[in-house]
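Close look at the chain arrangement
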Amino acid sequence: MKLMIALLMLATAQAETVRTFEARPVAEQANVVSGFIEKMTADIGKTNPKLMQAIRGWFTVKPEGQPVSDGVRKFSAELAALDEVAKEGRADLDRIQIEGVIMKVVRDKFPPK
């Protein structure tokens, strides 16, 4: 539970919408994601260094033969799904924070215990 509170506090401190994020050039998108993951995992690492390393590795280590890491692949898939739902009028990309999307994929992969 403490992890979830820390993640929520971190996300709201620098909130950026999905629409704003997707309007950025790819290099800037990468900087936003890596910067958020760095800050998030630094906070996590204070109490759980193994989880910090696992999250960072999931986003940075590319499996052999793949162009991106599993974390980046999952994050990209989540954004694509949000885009589809938004096209159907069931989501507003101006109200969804990119940090929340990152936190969701992290929670899906590393559920709180």
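Residues numbered from 1 in each chain as written. Predicted model: local features only at pLDDT ≥ 70, side-chain atom pairs only at ≥ 80, totals over all residues. Heavy atoms only, no water.

**Some words on the nonpolar core**
Counting residues in each nonpolar core, the largest one holds 23 residues, and the members touching the most others are Ile55, Phe59, Phe75 and Ile102. With near-sequence residues (within four places) excluded, Phe59 lies in contact with Ile37, Ser69, Gly71, Val72, Phe75, Ile102, Val105 and Val106. (Core = buried A, V, L, I, M, F, W, Y, C linked by side-chain atoms within 4.5 Å. Buried < 20%, exposed > 50% of the residue type's maximum accessible area, 1.4 Å probe, protein only. Contact = heavy atoms within 4.5 Å.)

**Quick look at the confidence of the model for the protein**
Per-residue confidence for the protein gives a mean pLDDT of 90, with 88% of residues at or over 70. Every residue in residues 8-12 scores below 50 in pLDDT, and together they form nine contacts with partners more than four places removed in sequence or on other chains. (pLDDT = per-residue confidence, 0-100.)

**Brief notes about the environment of Asp70**
With respect to the helices and strands, Asp70 occurs in helix α5 (residues 70-87). Overall, the relative accessible area of 26% leaves Asp70 in the partly exposed class. Sequence separation of Asp70 and Trp58 is 12 residues, and the distance between their C-alpha atoms is 6.0 Å. Leave out the neighbours within four places in its chain, and Asp70 touches Trp58, Val61 and Pro63. In this structure the side chain of Asp70 is engaged in a polar contact, spanning 3.3 Å, whose partner is the side chain of Arg73. (Helix = DSSP H or I, 4+ residues; strand = E, 2+ residues; numbered from the N terminus. Polar contact = N/O pair within 3.5 Å; in protein donor to acceptor, adjacent residues only side chain to side chain.)

**Some details on the packing of aromatic side chains**
Throughout the structure, instances matching the rule amount to three aromatic pairs. Ring geometry for Phe21 against Phe75: centres 5.9 Å apart, planes inclined by 75°, an arrangement best described as edge-to-face. Here Phe21 is found in helix α2 (residues 18-23), whereas its partner Phe75 is found in helix α5, with 54 residues between them in sequence. Since its relative accessible area comes to 6%, Phe75 is described here as buried. Judged by centre distance (5.8 Å) and plane angle (90°), the rings of Trp58 and Phe110 are edge-to-face. Residue Trp58 is found in helix α4 (residues 49-60), and its partner Phe110 is found in the segment after α6 (98-109); the two are separated by 52 residues along the sequence. (Phe/Tyr/Trp six-rings, centres within 6.5 Å; stacked < 30°, edge-to-face > 60°.)

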